[in-house]
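Take a look at the letters that make up each chain.
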Amino acid sequence: MENHYTYFHSLGLADPNHQKLATAVIMGAVLVFLGAGSAKALRRKRNRLGAQDGVVPDEKLTTTGFFDFFIESFVAFQDSILGKENRKYLPLTATVFLYLFCLNLIGLIPGVPAATTTVWTTVPVALLIFCSFNYYGIKEQGLGHYIKHFAGPVWWLAILIFPLEVFGTFLRILTLNLRLYWNISADHMVLGIFSDLVPFLVPVIFYALGTFVCFMQAFVPTVLTMIYIMLATQHEEGEEHH
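In what follows, the accompanying structure is described. (Residues numbered from 1 in each chain as written. Predicted model: local features only at pLDDT ≥ 70, side-chain atom pairs only at ≥ 80, totals over all residues. Heavy atoms only, no water.)

1. Brief notes about the side chain of Thr23
Thinking step 1. Looking at the secondary structure, you find Thr23 in helix α1 (residues 16–49).
Thinking step 2. Overall, the relative accessible area of 5% leaves Thr23 in the buried class.
Thinking step 3. Discounting chain neighbours no more than four positions away, the residues touching Thr23 are Phe8, Leu103, Ile106, Val112, Pro113 and Ala115. (Helix = DSSP H or I, 4+ residues; strand = E, 2+ residues; numbered from the N terminus. Buried < 20%, exposed > 50% of the residue type's maximum accessible area, 1.4 Å probe, protein only. Contact = heavy atoms within 4.5 Å.)

2. Observations concerning the packing of helix α3 (residues 90–106) against helix α4 (residues 119–141)
Thinking step 1. Packing of α3 against α4 leaves a shortest axis separation of 12 Å and a crossing angle of 170°. Comparing their axes, α4 and α3 come out roughly antiparallel. Here Leu92, Val96, Tyr99, Leu100 and Leu103 of α3 lie close against α4, whose contacting residues are Thr121, Val125, Leu128, Ile129, Ser132 and Tyr136.
Thinking step 2. For the contact of α3 with α4, the per-class residue count stands at nine nonpolar, two polar and no charged. (Axes fitted to C-alpha atoms, helices over the stretch in contact; angles between N-to-C directions. Parallel < 35°, antiparallel > 145°, perpendicular 65-115°, else oblique. Nonpolar A, V, L, I, M, F, W, Y, C, P; charged D, E, K, R; others polar.)

3. Some points on the packing of aromatic side chains
Thinking step 1. The final tally for this structure, using the stated rule, is 18 aromatic pairs.
Thinking step 2. Between the aromatic rings of Phe130 and Phe133, the centroid separation amounts to 5.6 Å while the plane-to-plane angle is 80°, which identifies the pairing as edge-to-face. Residue Phe130 and its partner Phe133 are both found in helix α4; the two are separated by three residues, about one turn of the helix.
Thinking step 3. Phe133 gets classed as buried once you look at its relative accessible area, which sits at 1%.
Thinking step 4. Pairing Tyr146 with Phe150 gives two aromatic rings, centres 5.4 Å apart and planes at 80°, and the pair type is edge-to-face. The residues Tyr146 and Phe150 share a single accessibility class, namely buried.
Thinking step 5. Three or more aromatic residues joined by ring pairs make a cluster, and in this case those are Phe70, Phe74, Phe77, Phe97, Phe101, Phe215 and Phe219. (Phe/Tyr/Trp six-rings, centres within 6.5 Å; stacked < 30°, edge-to-face > 60°.)

4. Considering the nonpolar core
Thinking step 1. Ranked by internal contacts, the top residues of the largest apolar core, which has 42 residues, are Phe74, Tyr99, Ile129 and Phe133.
Thinking step 2. For this core, the secondary-structure elements that each account for two or more residues are α1, α2 (63–82), α3, α4, α6 (158–197) and α7 (202–233).
Thinking step 3. With eleven residues, α3 is the largest single contributor of residues to this core. (Core = buried A, V, L, I, M, F, W, Y, C linked by side-chain atoms within 4.5 Å.)

5. Examining the pattern of salt bridges
Thinking step 1. Considering all chains together, one arrives at two salt bridges under this definition.
Thinking step 2. Residue Arg87 is joined to Asp79 by a salt bridge in which the shortest nitrogen-to-oxygen separation is 2.5 Å.
Thinking step 3. A salt bridge links Lys88 to Glu140; the nearest nitrogen and oxygen atoms lie 3.5 Å apart. Pair noted here: Lys88 is in the loop between α2 and α3 and Glu140 is in helix α4, with a separation of 52 residues, a long-range link. (Salt bridge = Lys/Arg side-chain N within 4 Å of Asp/Glu carboxyl O.)

6. Overview of the layout of surface pockets
Thinking step 1. Size it by volume and the second largest pocket reaches roughly 390 Å³.
Thinking step 2. Lining of the second largest pocket is provided by 18 residues; of these, Pro91, Ala94, Thr95, Val96 and Leu98 occupy positions nearest its centre.
Thinking step 3. No other element matches α3, which puts eight residues into the lining of the second largest pocket.
Thinking step 4. Grouping the amino acids of the lining of the second largest pocket by side-chain chemistry returns 15 nonpolar, three polar and no charged. (1 Å grid on protein atoms, 1.4 Å probe; cavity = no way out; pocket = protein on both sides within 12 Å on 5 of 7 lines; lining within 4 Å. Points joined across faces, edges and corners; volume = space filled by probe spheres on them.)

7. Considerations on α2
Three- or four-residue spacings in an α-helix give side chains the same orientation, since the helix completes a turn every 3.6 residues.
Thinking step 1. The first and last C-alpha atoms of α2 sit 27 Å apart over 20 residues, in line with the 28 Å expected at 1.5 Å per residue.
Thinking step 2. Looking only at α2, the buried set comprises Phe67, Phe70, Phe74, Val75, Gln78, Asp79 and Leu82. The buried residues of α2 occupy one face: seen down the axis, they fall within an arc of 160°. Within α2, the exposed residues directed more than 90 degrees away from the buried face are Phe69, Glu72 and Ser80.
Thinking step 3. Directly after α2, the chain includes Gly83, whose backbone phi takes a positive value near 90°. (Expected span 1.5 Å × (residues − 1). Arc of directions from axis to C-beta.)

The structure is reproduced here in structure tokens:
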């Protein structure tokens, strides 16, 4: 798939990694623009109707309606994992899902690079998740207590448990990166092979499968992000009773 033609070739950008990075940056800018525009439109509508808590959804499909439906559905899903009291983490988790899903999805369009098949894109996302859940853990528990939880509940095993826990935590950067990178790469490889061999009808099946893979490879990192946040911010049972 690396040697396939993309629209960036017409712009003089031949390096595949640069093409994918450019695609990731453009997609991020588009989502920020659409989100800001939808928020502005929603505020205008609230002011016009004098509504405080919400407004009636538009009858036609609009960008504002799409984001409203997405957030409503996503909030319900996150509540089932983190609980309603942890909606403060929604900006991170919802952004991770929407950004990865859109990046994965547009990679199915012929001529558009698969942005999540390069470490230039997947590693920054993994680092964002890693830095975020550690920041939330420190903010919630304090630096001392957060570091202490790496030592485990038994003090005389701390010298063994602590380095293993720290190593395992840093290993999440690699696992998040590789999980996304290899699954999307494999999907596009299969799609490319069958599209070249049988350019009619058969690729439709693999495009449908590819869409499912795109969803799952945004869904799984998002769920892992929620789990990492939950593990980083939860207090020990004894401390809660105290």
